[in-house]
Amino acid sequence: MNRLLLVIVSLVILALPVNAQFTSVKINVIGLTCSACSFGTERSIRQLKFVEDVKVDLNTNIAEITFKKGEPVYIDQIVKKVYDAGFSVGKVIATYHFTNETVNGKSWNVGEDTYMNLSTNAVDPSGDKEMTFVADKYMKKSDYKLYKPQIDAVKMMVKGNRSGHLYYVAM
Amino acid sequence: MKQSLLLLFLFLYSVSSFFTQELFPHNEPASNVGKNVLTVRASSEEFQDQGEIRNFQAYRFQFGLSANWMLTETFSFSNHHGSQLPNGFILHDSLGAPYTQGASRGKSYPYLFESMKVNLKYRFLCRDSEHKHFRMAAYADFSGGNEAHAEAEPNLTGDNSGMGAGIISTLLLHKFAASLNAGGILPADYKDVFRGIQMSYGKAAYVNLSLGYLLYPRVYTSYKQTNINLYAEFQFKTYGGAQILENGRSVSVQDVPALEPGSYLEFRPSIQFIIRSNTRVDLSLAEPLVNRSWTHYYPVYMFSIQQNIYFRQ
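Keep in mind the model is a prediction, meaning the values are calculated, not measured.

K.L.:
For this particular structure, what's the right way to read the overall build of chain B?
P.N.:
When helices and strands are counted, chain B shows one helix and 19 strands. A compact globule built from 313 residues should have a C-alpha radius of gyration of about 20 Å, and chain B, at 21 Å, falls within 12% of that. The principal-axis extents of the C-alpha atoms in chain B amount to approximately 75 × 50 × 35 Å. In chain B, 66% of the contacts between residues at least 6 apart in sequence involve partners at least 24 apart.

In structure tokens:
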């Protein structure tokens, strides 16, 4: 009986998703000037259950978001909340806590997801590191255009079936 | 006209050195409220009609279906009209031919439910950048009411049943913002089967220009700061004349400006207080710049209070 319990517990632990260790994120919300608009965006982000706190600088419209410990964090859900509030995202800078990840050249895996650094800097997989997300809805269109040729080249190389997401970052 | 254009230019020039806001009291911007956000607004308008105080009240519910789609319902009440055209609205000459001199002014009417208007707005363009955006939206209005509007000029928020549509372009450019709302109204006919009266209202086209700026605070420190915004809105409307039939016979309109085709430009300045970044209070008035509207007397005083309610997804 005890052995069966041990097997079940082990299976449950193995089945838990492995999540990237984001400790905080700064999002530059664009397309707004009024505090009522910032308020609406903050309320929208606060609805996410993994969000601990949101602090918005009303003059720069940069939202600093911290996360509840132990909760899986989904950056894409935060970005969606900004768009749902009626505004856009100009920049996403996340702080990532490295814990024994194996970096293969410019990329590393977290569960099924892959993170790839597009900048020329080497990835130092220790402690807290800031990274800017590089994606169409995660940054200003003019900034994304600069990375587009690089992303297209990577896509050509990593074609094939992937179960997880491939996130491009600059660090 | 030249004078009003000059005033408009001077105003545009003067606001260009301030931050502006687009929470216009009398016109919707191209932006919508956020997804799953409900705004509830109660508004009241008053003017004097030859000693009689005319009051109009509207209760508006706006809901963000998504970032791009928004549904608005407005229920309105007023003492502007009766549920039927007043007795004596249609007279007969010595040969029995029908004619009208319009509804007499200053007449007392009971306070009645006027109409329900449904507005569906779709934001089809959104170009956001740091402290600026350009957005465009298209909308359609559907209105159903039960009052007997006695003027040619149609108005879907209260006076008439019917439908309308328009396009809004809103520009926010660092220190300058403006919104243009252009549309048309197709009013439904009023029919009094019992008395054999049918009244067709003029079709209308309108162009509204809205501008505003943030007076206070100069620098944001918290959500608790009360924001004070000033607005200037210019409403231009042109409409056709009313056509009235009594038992199939055309009713002649004898020198009644309120029933004839018309166009006018109205100026609506407002002051707005946004309390705790969530409650909005607007105080404004309307004055004519070129010609006038015959659906109300001037000045029209307006007050509204609005609250946002955020729903969980």
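K.L.:
How should I be thinking about the overall build of chain A in this particular structure?
P.N.:
In terms of helices and strands, chain A carries four helices and nine strands. In chain A, which comprises 171 residues, the share counted as buried stands at 32%.

K.L.:
In this structure, what is going on with the sheet that holds strand β7 (residues 113–117) of chain A? I would like to understand it.
P.N.:
The mixed open sheet is built from nine strands, whose spatial order is β2-β3-β1-β4-β8-β9-β7-β6-β5 (chain A). Looking at the sheet topology across the chains shown, the edges are occupied by β2 (51–57) and β5 (103–104) of chain A.

K.L.:
Would you take a moment to explain the sheet that holds strand β14 (residues 243–246) of chain B for this structure?
P.N.:
Strand pairing in a sheet relies on backbone hydrogen bonds, with the paired strands running either antiparallel or parallel. Residues and elements named next belong to chain B. Taken together, the four strands give an open sheet; going across it, the order is β10-β11-β14-β15, and neighbouring strands pair in antiparallel fashion. Strands at the two margins of the open sheet, each flanked by one partner only, are β10 (190–192) and β15 (249–250). Where β10 and strand β11 (residues 197–200) come together, three bridges link them in antiparallel fashion. Note on β11: the bridge partner recorded for Tyr190 is Met199.

K.L.:
Quick question: what am I supposed to make of the environment of Arg123(B) here?
P.N.:
All names here are of chain B. Along the chain, Arg123 falls in strand β6 (residues 112–129). Distance in space between the C-alpha atoms of Arg123 and Leu95 is 57 Å, their sequence separation being 28 residues. Those residues in contact with Arg123, other than ones at most four positions away along the chain, are Ala30, Ser31, Asn32, Asn68, Arg135 and Ala137.

K.L.:
Explain the interface of chain B and chain A to me, please; I cannot follow it from the model alone.
P.N.:
By convention, interface size is frequently given as the accessible area that disappears when the constituent parts associate. With 26 residues of chain B in contact, the opposing surface of chain A contributes 21 residues. Broken down by secondary-structure element, the contributors of at least two residues to the side of chain B that touches chain A are β6 and β19 (300–310) of chain B. Class assignment of the residues belonging to the side of chain B that touches chain A gives a composition of 10 nonpolar, 12 polar and four charged.

K.L.:
Before we go on, may I ask you to explain the packing of helix α2 (residues 35–46) of chain A against helix α3 (residues 75–84) of chain A in this structure?
P.N.:
When two helices pack together, you describe them by how their axes are tilted relative to each other and by the distance separating the axes. All names here are of chain A. The geometry of α2 relative to α3 is characterised by a closest axis approach of 9 Å and an angle of 145° between their N-to-C directions. The two elements α2 and α3 cross, and the hand of that crossing is right-handed. Residue-level inspection shows Thr41, Ser44 and Ile45 of α2 in contact with α3, the latter providing Ile78, Lys81, Val82 and Asp84. Its residues assigned to classes, the contact of α2 with α3 comprises three nonpolar, two polar and two charged.

K.L.:
Where do I start with unusual backbone geometry in this structure?
P.N.:
Peptide bonds are, in most cases, trans, and in most cases residues other than glycine have a negative phi. Residue and element names in this part refer to chain B. Across the junction of Tyr216 and Pro217, the peptide omega takes the value 0°, indicating a cis bond. With respect to the secondary-structure elements, Pro217 resides in the loop between β12 (204–216) and β13 (227–239). Here the residue pair Tyr298 and Pro299 is connected by a cis peptide bond, since its omega of -5° sits within 30 degrees of zero. With respect to the helices, strands and loops of the structure, Pro299 is situated in the loop between β18 (279–290) and β19. Its identity as a non-glycine residue notwithstanding, Asn247 has a phi of 50°, on the positive side. Locating Asn247 in the fold gives a position in the loop between β14 and β15. For Asn247, a count of 10 C-beta atoms within 10 Å puts it in the exposed group.

K.L.:
Just checking my understanding: could you explain α3(A) for this structure?
P.N.:
For an α-helix, 3.6 residues make a turn, and residues three or four places apart therefore share a direction. Residues and elements named next belong to chain A. Three or more residues of α3 are buried, namely Ile78, Val79, Lys81, Val82, Tyr83 and Asp84. In the core, the buried residues of α3 are packed alongside β1 (22–30), α2, β3 (62–67) and β4 (88–98). The first or second residue beyond α3 is Gly86, which carries a positive phi of 105°.

K.L.:
Looking at this structure, I do not really get the pairing of β6(B). What am I missing?
P.N.:
Regular strands have side chains that alternate between both faces of the sheet. Residue and element names in this part refer to chain B. Note: strand β3 (residues 69–78) against β6, 10 bridges, orientation antiparallel. Bridge pairing links Phe77 to Phe113 in β6. As judged from the 14 bridges shared by β6 and strand β7 (residues 132–145), these two strands associate in the antiparallel manner. Residue pairing for β7: Lys121 is matched across the bridge by Tyr139. In this structure, the hairpin formed by β6 and β7 is closed by a connection of two residues, where His131 is found at a positive phi of approximately 55°.

K.L.:
Got a minute to help me understand helix α4 (residues 141–157) of chain A in this structure?
P.N.:
All names here are of chain A. Helix length check: α4, at 17 residues, gives a terminal C-alpha distance of 24 Å against a target of 24 Å (1.5 Å per residue), a fit within 8%. When the local axis directions of α4 are compared, the greatest deviation, roughly 45°, occurs at Tyr147, which is followed within four positions by the proline Pro149. Among the 17 residues that make up α4, zero are buried, leaving the element largely open to the surroundings.

K.L.:
Hey, could you run me through the environment of Gln235(B) in this one?
P.N.:
Residues and elements named next belong to chain B. For Gln235, the position within the fold is in strand β13. In the structure, Gln235 is positioned 74 residues away from Ser161 in sequence and 21 Å away in space, judged by C-alpha atoms. In this structure Gln235 touches Tyr206, Asn208, Glu266 and Arg268, once residues within four positions along its chain are discounted.

K.L.:
What's the story with the nonpolar core in this structure? I'm lost.
P.N.:
The nonpolar side chains of a soluble globular protein tend to be buried, and buried together. If you look at the biggest cluster of nonpolar residues, it comprises 46 residues, and the most contacted ones within it are Ile27(A), Val29(A), Val82(A), Val92(A) and Val169(A). The element contributing the most residues to this core is β1(A), with five residues. Ignoring sequence-local partners within four residues, the contact set of Val82(A) consists of Ile27(A), Val29(A), Thr41(A), Phe87(A) and Val89(A). Ranked by size, the runner-up nonpolar core spans 19 residues in total, among them Ile90(B), Ala103(B), Leu156(B) and Val251(B).

Conventions we followed
Residues numbered from 1 in each chain as written. Chains lettered and ligands numbered in written order. Predicted model: local features only at pLDDT ≥ 70, side-chain atom pairs only at ≥ 80, totals over all residues. Helix = DSSP H or I, 4+ residues; strand = E, 2+ residues; numbered from the N terminus. Rg over C-alpha atoms; globule rule 2.2 N^0.38 Å. Contact = placed C-beta atoms within 7 Å. Buried ≥ 20, exposed ≤ 12 C-beta atoms within 10 Å, placed from the backbone. Pairing = 2+ DSSP bridges. Nonpolar A, V, L, I, M, F, W, Y, C, P; charged D, E, K, R; others polar. Axes fitted to C-alpha atoms, helices over the stretch in contact; angles between N-to-C directions. Left-handed = near helix turned anticlockwise from the far one by under 90°. Expected span 1.5 Å × (residues − 1). Bend = angle between axes of the 7 residues up to and from the residue. Core = buried A, V, L, I, M, F, W, Y, C linked by C-beta atoms within 7 Å.

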